[in-house]
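Report on the structure
Residue-level listing of the chains:
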Amino acid sequence: MIPSSGPARIVFITLLALTGLLLMLSVGATVWSQVSYEGWVSKAVIAFVLWVLFVPCFAASGIWTLVLAVRKRRP
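Report follows, based on the coordinates. All figures in this text were calculated on a predicted structure; none of them were measured in a lab.

**Considerations on the nonpolar core**
One broad trend across soluble globular proteins is that nonpolar side chains are buried collectively. In terms of nonpolar packing, the biggest core is built from 7 residues, these being Leu15, Leu22, Ala29, Ala47, Leu50, Phe54 and Cys57. Within the residue set of this core, elements represented by two or more residues are α1 (6-35) and α2 (40-70). With 4 residues, α2 is the largest single contributor of residues to this core. Those residues in contact with alanine 47 that lie beyond four places of it in its chain are Ala29, Thr30 and Ser33.

Shown next, in the form of structure tokens:
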């Protein structure tokens, strides 16, 4: 389930890597914002912004993966 053309393959792998990185950063920032009391508003804003950036990347990679999974295979 990987694109067949070279540029599409590079973009797809980059998108998956970016999605994974944003997921790790979002979870880490959320935990970090909950751990300490000092500056919790700023930390919560950072966590929220990371989640807002993560959701479209996750949706795009998920939709692209589904399209690749259900498309007809070339012989």
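**A few points about the packing of aromatic side chains**
Each pair of aromatic rings is reported with the distance of its centres and the angle of its planes. As enumerated under the stated definition, the model contains 3 aromatic pairs in all. Ring centres of phenylalanine 12 and tryptophan 64 lie 5.0 Å apart, and the angle between their planes is 75°; this geometry places the pair in the edge-to-face category. Residue phenylalanine 12 is found in helix α1, and its partner tryptophan 64 is found in helix α2; the two are separated by 52 residues along the sequence. Judged by its relative accessible area of 4%, phenylalanine 12 is buried.

**Details of the packing of α1 against α2**
In the contact formed by α1 and α2, the axes pass within 8 Å of each other and the chain directions differ by 150°. In terms of orientation, α1 and α2 fall into the roughly antiparallel class. Crossing of α1 against α2: the hand is left-handed. Tallied by class, the residues present in the contact of α1 with α2 amount to 25 nonpolar, 6 polar and 1 charged.

**Quick notes on the side chain of threonine 19**
In this fold, threonine 19 is placed in helix α1. In this structure the side chain of threonine 19 is engaged in a polar contact, spanning 2.8 Å, whose partner is the backbone oxygen of leucine 15. Filtering out sequence-adjacent residues up to four positions away, threonine 19 remains in contact with Phe54, Cys57, Phe58 and Ser61.

Cut-offs used in this document
- Residues numbered from 1 in each chain as written.
- Predicted model: local features only at pLDDT ≥ 70, side-chain atom pairs only at ≥ 80, totals over all residues.
- Heavy atoms only, no water.
- Core = buried A, V, L, I, M, F, W, Y, C linked by side-chain atoms within 4.5 Å.
- Buried < 20%, exposed > 50% of the residue type's maximum accessible area, 1.4 Å probe, protein only.
- Helix = DSSP H or I, 4+ residues; strand = E, 2+ residues; numbered from the N terminus.
- Contact = heavy atoms within 4.5 Å.
- Phe/Tyr/Trp six-rings, centres within 6.5 Å; stacked < 30°, edge-to-face > 60°.
- Axes fitted to C-alpha atoms, helices over the stretch in contact; angles between N-to-C directions.
- Parallel < 35°, antiparallel > 145°, perpendicular 65-115°, else oblique.
- Left-handed = near helix turned anticlockwise from the far one by under 90°.
- Nonpolar A, V, L, I, M, F, W, Y, C, P; charged D, E, K, R; others polar.
- Polar contact = N/O pair within 3.5 Å; in protein donor to acceptor, adjacent residues only side chain to side chain.

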